[in-house]
Structure formats: C-alpha cells, structure tokens
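# Chains, contacts and geometry: an overview
Residues per chain, in single letters:
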Amino acid sequence: MSITIIVPGSLKDLLGGSDQVTCEGKTIGECIADLDYKFSGFKSRVLDEKGEINSSFMIFLDGQNLRILDGLATSVKDGDEVNIIPFAAGG
Amino acid sequence: MIIDRPDSHFIFVMHPSVLMGKKYTLYEGKELTNGEVLQYWGKWIVLGEKSWLDELARKLDQYVEDQVIPCIKYDRKPPENLGLTEAVMMVYCDKRKSEEIWQILQQHGVKIKAWVTERETMEMWLPGGPLLEQWITSMNLGEEEARFNREDAAARLGYIFNHPDEIFSAWEQ
C-alpha cells in the first residue's frame, strides 16, 4: 500500500527537504504515523495537541479537503496522492 | 487577458468581457446566484515562485480567452503577513467543471491537487474567522480599525449568505 505525499516548496522541511515522498497506511492517520517514523517531528507539526489536523495546514486526498471527508480516519488505497498545503493558502 | 496593475496585490487573468461588466461566475452560460456560488464555486490552489506562476498564467490565458477557465488570480508577492513564503494562484471554476480544469492544470505541471470551496474561504474571512483575525493582527490595526474591518467583512460576506437567490457579484480587489 504505497501512498504519495506531495507538499509545496515552502513545506519541504516537513519531509526532510523533499517535496514528494511515499508512505504506507490504510488511513490518513496511519500514513501520518508512518511519516512520523521517517521524519521525526512530522506528527507533532501536522497534528495539534488533541490529535486533530493542525489549523495551520489543509490536507487533501485527490483534491478533496480531509475536513469534508473523514479526517484522519479517511481510507486511502494504493496509488493515492495526498497533498498538504498551508491553511492560509486557501484564502 | 492578463491584468497586471501595480497598485493591486493581485494579478488577474480574465476574459475581456468581464472588464465590460459580464459575470465570470457562470455555469453552462447561466449566471450563478449567491446560493449557487456557496454550493458550487471554488478554486484550485497552486503554490509556487512568482516567476513560475507568471509563466503558468501566460499558458493558461488562452483557456481563459476560450472561456474554459472562468478566472484566475495570483499574488504579486508572497503574502507574508498570512505566514506564506510562496505566492498563491487561485484558478476559479464551478465544482461541476473542476475535474476538466484540473486536467488542464496537470498538463501544465501543477502537482498539488487542492480544491477549496468559496464557502470555506468566506468563512475564513468572516469576523472570528482565522484569516481575518490573522490579517488584523498582522496589520497591527487599532481597536477601531479592527472593528470597522470586522463589520465590513460581516456586511459583505453576510449579504451573500443572507440573499441566496440574488445573482452573485464579486467585489473589487
């Protein structure tokens, strides 16, 4: 189950300097856990203290905001692409 | 056509008819109401260096001229007061046409696939919304100016939410 994570240049530091990496998981939450294993501190930056998506970011699966899907419980399948952008870019 | 007025923070790509007063919030040639804009209107978000966005705008201009893409706007410089270090381009369209527009963007090298509805954006700019409050803080506005800006946002955006059957009109930016 390989999921591709893509971020804009300004968020490359989240992924160790890359703008595109792959990860494993059956849900977005599992993907974030896998990314945290690969990139220390990833989870604490992307999620808030309640374990929800940090208000500084928007996360999209196939273009759709996770907030209107099932959040971190949203299922992903092999080959899916997930995008993370700064929240303010949506305004 | 690309409209690049130095006194505006934004650079626009619009069909010439929009400058003559025609609406760009259309679906199948019909002008959308406020309610339809809240239901269907939105944009693909593209982030990048200003020079790359300039080049992309020149390529997309033909699609705007052909009225395939309704409207595009992008930052003249990164809006650092909102915490952004890259410029943002917004490629506006109706949700029902959004996949068609996405295919065009992808053909021209856009990788990030992020659809944001106009309703979400308006909610961010309502009083108490994260972007309006962040903007007020970043501009270091006094209490009176902050109150004026909150009331102005509430009036402009509230009108759209409260008059769903009226034809949508965008405001000057």
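The structure this text deals with has already been given above.
A brief report on the enclosed structure follows.

Here is what the cut-offs are and how they apply
- Residues numbered from 1 in each chain as written.
- Chains lettered and ligands numbered in written order.
- Predicted model: local features only at pLDDT ≥ 70, side-chain atom pairs only at ≥ 80, totals over all residues.
- Heavy atoms only, no water.
- Buried < 20%, exposed > 50% of the residue type's maximum accessible area, 1.4 Å probe, protein only.
- Helix = DSSP H or I, 4+ residues; strand = E, 2+ residues; numbered from the N terminus.
- Pairing = 2+ DSSP bridges.
- Axes fitted to C-alpha atoms, helices over the stretch in contact; angles between N-to-C directions.
- Parallel < 35°, antiparallel > 145°, perpendicular 65-115°, else oblique.
- Left-handed = near helix turned anticlockwise from the far one by under 90°.
- Contact = heavy atoms within 4.5 Å.
- Nonpolar A, V, L, I, M, F, W, Y, C, P; charged D, E, K, R; others polar.
- Salt bridge = Lys/Arg side-chain N within 4 Å of Asp/Glu carboxyl O.

### Quick notes on the pairing of strand β7 (residues 87-94) of chain B
Residue and element names in this part refer to chain B. Extensive coverage of β7 is indicated by the burial of eight of its eight residues. Because side chains alternate across β7, one face comprises the buried residues Ala87, Met89, Val91 and Cys93, and the other comprises Val88, Met90, Tyr92 and Asp94, equally buried. Pairing analysis gives four bridges linking strand β6 (residues 71-75) to β7, with the strands arranged antiparallel. Within β7, the position partnered with cysteine 71 by the bridge is tyrosine 92.

### A few points about the packing of helix α6 (residues 130-138) of chain B against helix α7 (residues 143-162) of chain B
For any two helices packed against each other, one specifies the inter-axial angle together with the distance between the axes. Residues and elements named next belong to chain B. Put simply, α6 and α7 touch, their axes get as near as 11 Å, and they point 155 degrees apart. Between α6 and α7, the angle is such that the two are roughly antiparallel. Crossing of α6 over α7 shows right-handed handedness. Packed against α6, whose contacting residues are Leu132, Glu133, Trp135 and Ile136, the element α7 presents Ala146, Asn149, Arg150 and Ala153 at the interface. Here the residues of the contact of α6 with α7 are counted per class, giving five nonpolar, one polar and two charged.

### Observations concerning the pattern of salt bridges
Residue and element names in this part refer to chain B. Counted by the stated rule, this structure contains 17 salt bridges over all chains. The salt bridge involving arginine 147 is made with glutamate 144; its shortest N-O contact spans 2.4 Å. Here the residue arginine 147 and the residue glutamate 144 both occupy positions in helix α7, the gap between them amounting to three residues, near one helical turn. On the basis of relative accessibility, which here comes to 51%, the residue glutamate 144 falls in the exposed class.

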